[in-house]
Amino acid sequence: MGGGVATETHQFHVLAVDDSIIDRKLIERLLKTSSYQVTAVDSGVKALEFLGLLDDVDVDNTDSNSHHHKVEVNLIITDYCMPAITGYDLLRKIKESKLFKDIPVVIMSSENVPSRINSCMEQGAEEFFLKPVQQSDVNKLRPHLMRGRKSSQNHKRKPVEECLSPDRTRTRYNNHDLEL
């Protein structure tokens, strides 16, 4: 637990998963505009690889390196409909994992299917966004990130609460007519 982490306490790391390059670039841009650190991958398989959940036995990496890498993700936002591993499958694998079950997961889809939305929420998704994702959607992520950080890190960091200033959040939310 190095001291260098203190300078990055305000920047959250989001793993964005979408097989569509257009949607992936859009969500990446929206997240970066909101000062999030973003890692974007194009499949559920690559997301599981990034998290170290694809294979329980890591042959290429040492356990300490992969574990250090894992704790850096504060939120996962994924497309629902992807080849091989769907967003729903990815959600289930994350929620079944001891290391990642407390990390908030948000599902995105271009299809408004109530049964799909309900099943994702029942499996533990924090939000379900309809595409195209907008800045007002991204603004809804911060409370989930704050809650996730408090449960995943048992540090006594009170300044984190300052990020939830209602004035600042409201101002940004009301001015969601940003030129994109």
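Reading the values: rules and limits
Residues numbered from 1 in each chain as written. Predicted model: local features only at pLDDT ≥ 70, side-chain atom pairs only at ≥ 80, totals over all residues. Heavy atoms only, no water. Salt bridge = Lys/Arg side-chain N within 4 Å of Asp/Glu carboxyl O. Helix = DSSP H or I, 4+ residues; strand = E, 2+ residues; numbered from the N terminus. Buried < 20%, exposed > 50% of the residue type's maximum accessible area, 1.4 Å probe, protein only. Contact = heavy atoms within 4.5 Å. Axes fitted to C-alpha atoms, helices over the stretch in contact; angles between N-to-C directions. Parallel < 35°, antiparallel > 145°, perpendicular 65-115°, else oblique. Left-handed = near helix turned anticlockwise from the far one by under 90°. UniProt positions renumbered as here; feature names shortened; annotations may be inferred. Expected span 1.5 Å × (residues − 1). Arc of directions from axis to C-beta. Pairing = 2+ DSSP bridges. Right-handed = clockwise from strand over helix to strand, strands pointing away.

- Under an unreviewed UniProt entry, the name given to the protein chain is Two-component response regulator ARR9, and the organism recorded is Sesamum angolense.

**Here we look at the pattern of salt bridges**
Where side chains of opposite charge bring their charged atoms close, a pairing between them can arise.
Then comes step 1: Across all of its chains, the model carries 9 salt bridges by this definition.
Then comes step 2: A salt bridge links lysine 131 to aspartate 23, with the nearest nitrogen and oxygen atoms 3.1 Å apart. Placement of lysine 131 in the loop between strand 5 (127-130) and helix 6 (135-139) and of aspartate 23 in helix 1 (residues 21-33) is noted, with a sequence separation of 108 residues between them.
Then comes step 3: Residue class for lysine 131 comes out buried when judged on its relative accessible area of 16%.
Then comes step 4: Ionic pairing is found between glutamate 111 and arginine 116, a salt bridge with its closest N-O pair at 2.9 Å.

**Concerning the side chain of histidine 144**
Then comes step 1: Here histidine 144 lies in helix 7 (residues 141-152).
Then comes step 2: With residues up to four places along the chain from it excluded, the contact list for histidine 144 reads Leu75, Pro104, Glu126 and Glu127.

**Some details on the packing of helix 2 (residues 44-51) against helix 4 (residues 87-96)**
Then comes step 1: Between helix 2 and helix 4, whose axes approach to 10 Å, the crossing angle comes to 20 degrees. Relative to helix 4, the element helix 2 lies roughly parallel. Every pair of crossing elements has a handedness; the one defined by helix 2 and helix 4 is right-handed. Across the interface between the two elements, Gly44, Ala47, Leu48 and Leu51 of helix 2 pack against Leu90, Lys93 and Ile94 of helix 4.

**Section: the UniProt feature "modified residue: 4-aspartylphosphate" (unreviewed entry) in the protein chain**
Then comes step 1: Listed under "modified residue: 4-aspartylphosphate" (unreviewed entry) in the UniProt record, and renumbered for this structure, are Asp79.
Then comes step 2: Tracing the sequence through the fold places aspartate 79 in strand 3 (residues 75-79).
Then comes step 3: Looking at aspartate 79, the relative accessible area reads 6%, which means it is buried.
Then comes step 4: Not counting chain neighbours up to four residues away, the residues in contact with aspartate 79 comprise Val17, Asp18, Asp19, Gly87, Met108, Ser109 and Lys131.

**Focus on helix 1**
Then comes step 1: Here helix 1 spans 18 Å end to end across 13 residues, near enough to the 18 Å set by a 1.5 Å rise per residue.
Then comes step 2: When we look at burial in helix 1, the residues that qualify are Arg24, Ile27, Glu28, Leu30 and Leu31. The arc enclosing the buried residues of helix 1, seen along the axis, measures out at 165 degrees, which places them on a common side. For helix 1, exposure combined with an orientation more than 90 degrees from the buried face picks out Ile21 and Ile22.
Then comes step 3: Serine 35 lies just past helix 1 and shows a positive phi near 65 degrees.

**Topic: helix 4**
Then comes step 1: Among the residues making up helix 4, those that are buried are Gly87, Tyr88, Leu90, Leu91 and Ile94. Along the axis of helix 4, the buried residues cluster in a sector spanning 160 degrees; they form a single face.
Then comes step 2: Contacts made by the buried residues of helix 4 are with strand 1 (13-17), helix 2, strand 3, strand 4 (105-109) and helix 5 (114-122).

**Comments concerning the pairing of strand 4**
Side-chain positions along a regular strand alternate between the two faces of the sheet.
Then comes step 1: Among the 5 residues of strand 4, 5 are classified as buried, and the element is accordingly described as predominantly covered.
Then comes step 2: Neither face of strand 4 is open: one carries Val105, Ile107 and Ser109, the other Val106 and Met108, and all of them are buried.
Then comes step 3: Direction of pairing for strand 3 relative to strand 4: parallel, over a ladder of 4 bridges. By the bridge assignment for strand 4, isoleucine 77 is matched with valine 106.
Then comes step 4: Remark: the strand 3/helix 4/strand 4 crossover connection has right-handed handedness.
Then comes step 5: With 4 bridges joining them, strand 4 and strand 5 adopt parallel strand pairing. Looking across to strand 5, one finds that isoleucine 107 is bridged to phenylalanine 128.
Then comes step 6: After leaving strand 4, the chain enters helix 5 and then returns to the sheet as strand 5, a path that is right-handed.

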